[in-house]
Each structure stands twice: as C-alpha cells, then as structure tokens.
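Residue strings, one per chain:
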Amino acid sequence: MAHMTSPALTVGFDLDMTLIDSRPGIHTCFEALSARTGTYIDADLVVTRLGPPLEQELAHWFPAEEIPATADLYRGMYPEHAITGALAMPGAREAVTAVRAAGGRALVVTAKWEPNARLHLEHLGIEADEVVGNLWAEQKAVALREHGASVYVGDHTGDVRGARTARAYSVAVATGPCDAEELRAAGADVVLGDLTEFPAWLENHG
C-alpha cells in the first residue's frame with residue numbers, strides 16, 4: 001500500500017452511517033411522509049436498514065406505480081426535516097482530515113440524492129473534495145474509478161461490493177446495519193470499529 005502516501009491518494013467515503021448518523025432526521029422525514037401521504041410507514045424499522053437507495057425502502061410501503069412520485073416528494077421534504085437532525089459520526093471529521101494530511105483527496109460516494117448529501121456535509125462542516133450521489137453497491141465503482149480512489153470506506157456490505165468492483169481497498173466500519181462478521185464475509189479487507197480508528201490505520205498502512 002505504499003502508493004497510499006502519494007499525492008495521488010484518493011479515499012472514498014460512504015455517507016449514511018459512515019460519515020453521518022442520519023437516523024434522527026430520516027426518522028422525522030419518513031414520519032412526515034407518512035402523514036402527508038396517509039400511508040403507514042414504520043420509521044423505527046426504516047432507520048435500521050439504511051444504505052440502499054430510497055426507492056428500495058419505499059417499495060416496502062407503496063405500490064410500484066407510486067414510488068417515483070413518492071421519492072420526489074420525500075427528497076423535496078428532506079431538507080426541512082432531515083438535515084439538522086443528523087450528527088457527524090465519531091471520528092468523521094478527523095478521518096477526512098487524515099486523508100488531507102497524507103496529501104490526499106476525500107471523495108464521498110453515496111446512494112443518497114446528491115443535493116441532500118451536500119446539504120448534510122455543509123451543515124456538519126465535513127469538507128469533501130468531491131461528492132457523488134445516486135450510486136449504490138457495485139454502481140459506486142463508477143465514481144471510485146473515475147476519481148481514482150484506491151480506498152473506499154463504508155458501513156454496508158453494498159459498500160464492500162462497490163470497493164471490490166472498483167478494485168479499491170475495502171475499509172469497513174461496523175457502525176451501520178451490517179456487523180463486523182457480515183462485512184468480513186462480504187470481502188472487506190479490514191473492519192474497523194468506527195472512524196476514530198481510521199487515521200491510525202491510514203498512517204500504519206501508508
């Protein structure tokens with residue numbers, strides 16, 4: 001991994017449950033969506049399975065023909081209901097800072113709609129060099145390759161698959177819906193407890 005200390009280093013990060021704890025805001029937004037549409041949604045259940053695209057979650061609650069319009073409605077409601085409730089995950093800002101200190105660039109690649117992802121990062125003061133939204137699992141490899149990411153950090157088995165598809169080093173954090181055993185079984189190269197461990201890992205593997 002000697003190349004990781006070069007100025008060309010680019011590290012990708014997932015957003016939800018990797019850099020940010022978006023559960024409080026997403027819970028509020030789904031409750032508001034339920035009230036707006038008159039459709040029952042178990043927001044407690046929703047926030048236990050964050051990671052996949054919004055449309056996958058909506059499919060549990062709405063008929064297929066209603067999902068595109070409902071997704072647009074949710075995304076429009078999101079800035080009002082979900083941004084201020086989110087928190088930075090422990091070590092998130094320090095992880096991004098560590099990449100910059102190593103002469104690298106921090107890239108966020110997320111399944112979240114990109115404008116809302118940018119609002120989260122701006123609100124929490126997490127300064128990514130690039131943000132790419134609307135990509136999930138293996139699709140994330142498109143952005144990782146385009147930006148030359150050699151490492152991808154995420155909390156979901158889908159993130160591991162994205163990293164492996166891009167032939168990037170998969171660093172998993174056990175802070176989301178997938179536990180350490182699941183992440184290892186999916187093929188993560190290393191599993192950290194959370195991002196507070198990332199700066200030391202980056203330094204030791206540089």
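To be clear, the structure that these remarks concern was listed above.
Residues numbered from 1 in each chain as written. Predicted model: local features only at pLDDT ≥ 70, side-chain atom pairs only at ≥ 80, totals over all residues. Heavy atoms only, no water.

Trainee: Got a sec to walk through the packing of aromatic side chains? Specific residues and values, please.
Mentor: Overall, the coordinates contain 6 aromatic pairs when judged by the stated rule. Joined through ring pairs, the aromatic side chains of F13, Y169, F198 and W201 make up one cluster. (Phe/Tyr/Trp six-rings, centres within 6.5 Å; stacked < 30°, edge-to-face > 60°.)

Trainee: I'd like to hear about the sheet that holds strand 7 (residues 169–173), residue by residue, with values.
Mentor: Read from one edge to the other, the open sheet built from 6 strands follows the order 5-4-1-6-7-8, with strand pairing classed as parallel. Of all strands in the sheet, those bounded by a partner on one side alone are strand 5 (130–132) and strand 8 (190–192). Taken pair by pair, the neighbouring strands of this sheet meet at an average axis angle of 20 degrees, ignoring direction. Here 3 bridges tie strand 4 (residues 105–109) to strand 5, and the two strands are oriented parallel to one another. The residue of strand 5 that forms the bridge with V109 is V132. In this fold helix 5 (residues 92–101) packs onto strand 1 (10–13) and strand 4, with an angle of close to 165 degrees to the strand it touches most, strand 1. (Pairing = 2+ DSSP bridges. Helix = DSSP H or I, 4+ residues; strand = E, 2+ residues; numbered from the N terminus. Axes fitted to C-alpha atoms, helices over the stretch in contact; angles between N-to-C directions. Contact = heavy atoms within 4.5 Å.)

Trainee: How would you sum up the packing of helix 4 (residues 67–82) against helix 6 (residues 114–124)? Please name residues and give values.
Mentor: At a minimum axis separation of 10 Å, helix 4 and helix 6 run at an interaxial angle of 10 degrees. Here helix 6 runs roughly parallel to helix 4, going by the angle between their axes. Facing R75, Y78, P79 and A82 of helix 4, the residues of helix 6 in contact are N116, L119 and H120. Across the contact of helix 4 with helix 6, the residue classes tally to 4 nonpolar, 2 polar and 1 charged. (Parallel < 35°, antiparallel > 145°, perpendicular 65-115°, else oblique. Nonpolar A, V, L, I, M, F, W, Y, C, P; charged D, E, K, R; others polar.)

Coordinates in, geometry out; function isn't part of it.
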